[in-house]
Amino acid sequence: MVLTGCSAPLLPEPVVNKSERVREPDDMLMEQMCADWFALQEPGLDGAEYSRLVNRYNRSLLLMLRRYRADMLQAFSRGERDYELPGVMFDPDGSEVHVPLRDVYDDIVPAQDIRTHSLQEHYTVPGIGVPMVGVIPVGNVSKTARRFNIRTRGTVSSLTAVMEFSRKQGTKPRLRLIQRNRADDLLLRGYRHQLAADFSAAIEIYWNLTRVKDDRFLGLLRPQKLRDVSGLSCMESYDPDKIPVILTHGLLSSAGTFDNLVNRLMCDPIIRRNYQFWYFNYPTGMAWTLTAVHYRRSLAQVRQQLDSQRKNKNWDRMVVVGHSMGGLITHYSQCTEPWKMLPDKKMARSVLQRKGRLGAQNELVNSYVFNPVEAGMVVYMATPHRGAPLARYRIVTAFMKLVELPQNIISEALNVATLQEDSLLLNPTKITRAFTSVNQLSPDSYSIRGLQGLKVRDVPTHSIIGDQGNGDSPQSSDGVVPYWSSHIGWGSETIVPADHSVQDVPETAADFTRVLAEHLVRCGRSLN
């Protein structure tokens, strides 16, 4: 029962009131929208009149879009792949090129019809237009994007729909679906009108489609089953003009744990214009030293395919963020001499010597011999740099006996350590204990102890630490990780009133927004 989990519906059903469609037929709504569209362009409108016109225009457009969606989905169910909106020129990107809707979106869902189940707040921006969520079909996502999506069900766009009219005789109305993360306003007769927005709705739909939240327990107990869905994903289409922010989750969690954090960050126009949020998802039953191999490999592959000439400086400015065990993955991937983590020098020499013979894909060798991730800034959230005492509890260690490691990990471990008669890697029982995630979180584990002596890249670093008590740091704790473990000796830090889920509280979002703005200044970007 725990492994099956539960989830919200992927997409809401179409909302169409048949009696309303009889009272207000389509042509009546179009005439009203047309009249309001031209009235909004008249000079000298006072605030009250402008608001009245915008509200009436938006209401008519919302009703039309609901009807379009219902008709479109019915046509798709009948196999009409080339369905087009009747009497309207569809313009998905402002190019004024007439294309069928299905060539761009599998579905367009009014944000008002989407109920947010997991988000603590639902943020909207008033303005002209109707906020929508566009579900991009898998076939239209680029080859690179498909490869790095968590699930290949497509991705989504946060849109604002606007119906534009022309005074030219015989010209069809033009339905524009504007990507709201790239435009804040609409230019009409020399005046800028703020576009309505709903970023929360797109976040909700995205996590419904990926379904990663349903796999939290499966990823802990049967990590092999989820290795194919590990890797980087991005909610929106790749934007080379924005700085990537890589978010890595912790134990018994998924990339969806950052939904409230990103929801709050996206409300800030400076953050929205300058940053793009990527997620690293992985099964959490594996040791974090092994997961770090996939983390580094995914980042390298994505940059190679999106910036093969390494000319885009935004990848050098990249911000890497880790929560809890994800912070250990992030921390370790910043280390300059990772092989020194190994328990003894003889083992370290063995790994270094065998890297060439065992091949570049050997995960255990690559766990200790690698080049650090070249990030522009590092942020840790509730990270147990010195381990979590909770990992010592008997009930936790007993539960971890249920974890099944992939067989290739056990065989690779034996191949690495054939020279060490007393090595922990030679005994399969010890391997199972050493390379499960919880055992590597213990303050007594060789990986936690070894991490303490490793040097990291000199890069701006910030820690966000939870205090569940009375603000009595350094004696405080977030309930899982004590302050003495989450505190590091370099960079800046902020203590927020939170339990271990520090990423969920508004104080963390506010602090992270400040840190990201400071990073933009260091990168020479304007905050205007």
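The rules we used
- Residues numbered from 1 in each chain as written.
- Predicted model: local features only at pLDDT ≥ 70, side-chain atom pairs only at ≥ 80, totals over all residues.
- Heavy atoms only, no water.
- Helix = DSSP H or I, 4+ residues; strand = E, 2+ residues; numbered from the N terminus.
- Buried < 20%, exposed > 50% of the residue type's maximum accessible area, 1.4 Å probe, protein only.
- Contact = heavy atoms within 4.5 Å.
- Axes fitted to C-alpha atoms, helices over the stretch in contact; angles between N-to-C directions.
- Left-handed = near helix turned anticlockwise from the far one by under 90°.
- Nonpolar A, V, L, I, M, F, W, Y, C, P; charged D, E, K, R; others polar.
- Phe/Tyr/Trp six-rings, centres within 6.5 Å; stacked < 30°, edge-to-face > 60°.
- Lys NZ or Arg CZ within 6 Å of the ring centre and 35° of its normal.
- Pairing = 2+ DSSP bridges.
- Expected span 1.5 Å × (residues − 1).
- Salt bridge = Lys/Arg side-chain N within 4 Å of Asp/Glu carboxyl O.
- pLDDT = per-residue confidence, 0-100.

On the secondary structure map, Gly 87 appears in the loop between α3 (47-77) and β1 (89-91). Given a relative accessible area of 43%, Gly 87 falls into the partly exposed group. Discounting residues that sit within four places of it in the chain, Gly 87 has contacts with Lys 172 and Pro 173.

With that settled, consider the packing of helix α9 (residues 288-306) against helix α11 (residues 325-332). Between α9 and α11, the shortest axis-to-axis distance is 9 Å and the interhelical angle comes to 65°. Here the hand of the crossing between α9 and α11 comes out right-handed. Each of Trp 288, Thr 289, Thr 291, Ala 292, Tyr 295 and Arg 296 in α9 lies in contact with α11, whose residues at this interface are Met 325, Leu 328, Ile 329, Thr 330 and Tyr 332. Residue composition of the contact of α9 with α11, grouped by class: 7 nonpolar, 3 polar and 1 charged.

The next thing to look at is the packing of aromatic side chains. One pass over the full model with this rule turns up 11 aromatic pairs. Judged by centre distance (5.8 Å) and plane angle (85°), the ring pair of Trp 288 and Tyr 332 falls under edge-to-face. Remark: Tyr 332 occurs in helix α11 and Trp 288 occurs in helix α9; sequence separation between them is 44 residues. Comparing Trp 288 with Tyr 332, the two get one shared label, buried. Among the aromatic residues, those joined into a ring-pair cluster are Tyr 206, Trp 207 and Tyr 279. Sitting above the plane of the Phe 38 ring, Arg 167 keeps its charged end 3.9 Å from the centroid.

With that out of the way, let us pick up the sheet that holds strand β12 (residues 377-381). One open sheet holds the 7 strands; their spatial order is β8-β10-β9-β11-β12-β13-β14, and the pairing between them is mixed. In the strand order of this sheet, the two ends are held by β8 (231-234) and β14 (492-496), each with one partner. If you compare each strand with its neighbour and ignore which way they point, the axes differ by 20° on average. Inspection of the sheet shows strand β13 (residues 461-466) paired to β14 by 5 bridges, in the parallel sense. Across the sheet, Ile 465 pairs through a bridge with Ile 495, a residue of β14. Lying over the sheet, helix α19 (residues 506-522) contacts β9 (243-248), β10 (275-281), β11 (319-323), β12, β13 and β14, oriented at roughly 170° with respect to β12.

Moving on to the pairing of strand β4 (residues 155-164). Among the 10 residues of β4, 10 are classified as buried, and the element is accordingly described as predominantly covered. Both faces of β4 are covered, namely the face carrying Thr 155, Ser 157, Leu 159, Ala 161 and Met 163 and the face carrying Val 156, Ser 158, Thr 160, Val 162 and Glu 164. Of the pairings in the sheet, the one linking strand β3 (residues 130-136) to β4 comprises 7 bridges and is antiparallel in character. Paired with Val 130 across the bridge in β4 is Ala 161. Pairing analysis gives 6 bridges linking β4 to strand β5 (residues 174-179), with the strands arranged antiparallel. The residue of β5 that forms the bridge with Ala 161 is Leu 177.

Here 5 strands make up an open sheet; going across it, the order is β1-β5-β4-β3-β2 and the pairing mixed. Looking at the sheet topology across the chains shown, the edges are occupied by β1 and β2 (107-110). Strand-to-strand, the axes of this sheet are offset by a mean angle of 30°, without reference to chain direction. Strand direction decides the pairing type here: β2 and β3, joined by 4 bridges, are antiparallel. The partner of Asp 107 across the bridge, within β3, is Val 135. Most of the contacts of α3 go to β2, to which it runs at about 145°, and overall it touches β2, β3, β4 and β5. This element, helix α5 (residues 199-210), spans β3 and β4 of the sheet and lies at about 140° to β4.

Time to look at α9. The end-to-end C-alpha distance of α9 is 26 Å, a good match for the 27 Å that 19 residues give at a rise of 1.5 Å each. Every buried residue of α9 is listed here: Trp 288, Thr 289, Leu 290, Thr 291, Ala 292, Val 293, Tyr 295, Arg 296, Ser 298, Leu 299, Val 302 and Arg 303.

Moving on to unusual backbone geometry. Non-glycine residue Arg 189 carries a positive phi angle of around 50°. You can see Arg 189 is positioned in the loop between β6 (185-188) and β7 (191-194). Even without a glycine there, the phi angle at Arg 310 is positive, about 55°. Its location among the elements puts Arg 310 in the loop between α9 and α10 (313-316).

Inspection of every chain in the model, using the stated rule, returns 23 salt bridges. One salt bridge connects Glu 164 with Arg 174, and the closest N-O pair in it is separated by 2.6 Å. Residue Glu 164 is found in strand β4, and its partner Arg 174 is found in strand β5; the two are separated by 10 residues along the sequence. A salt bridge links Arg 514 to Glu 518, with the nearest nitrogen and oxygen atoms 2.9 Å apart. Taken together, the residues Arg 514 and Glu 518, both in helix α19 and 4 residues apart, mark about one turn of the helix. Overall, the relative accessible area of 36% leaves Glu 518 in the partly exposed class. One connected set of salt bridges, linked through shared partners, spans Arg 21, Asp 26, Arg 67 and Asp 71.

All right, on to the confidence of the model for the protein then. Looking at the protein, pLDDT values average 81 and 76% of them are 70 or higher. Averaged pLDDT values over the elements of the protein bottom out at 40 in helix α6 (residues 216-221) and peak at 98 in β12. Here residues 402-428 scores under 50 on pLDDT; set against residues more than four positions off or in separate chains, the count is 70 contacts.

This part is about the pairing of β11. The element β11 is extensively covered by neighbouring structure, given that 5 of its 5 residues are classed as buried. Neither face of β11 is open: one carries Val 319, Val 321 and His 323, the other Val 320 and Gly 322, and all of them are buried. Bridge count between β11 and β12: 5 bridges; the pairing is parallel. Looking at the pairing, Val 321 lines up with Val 379 of β12.

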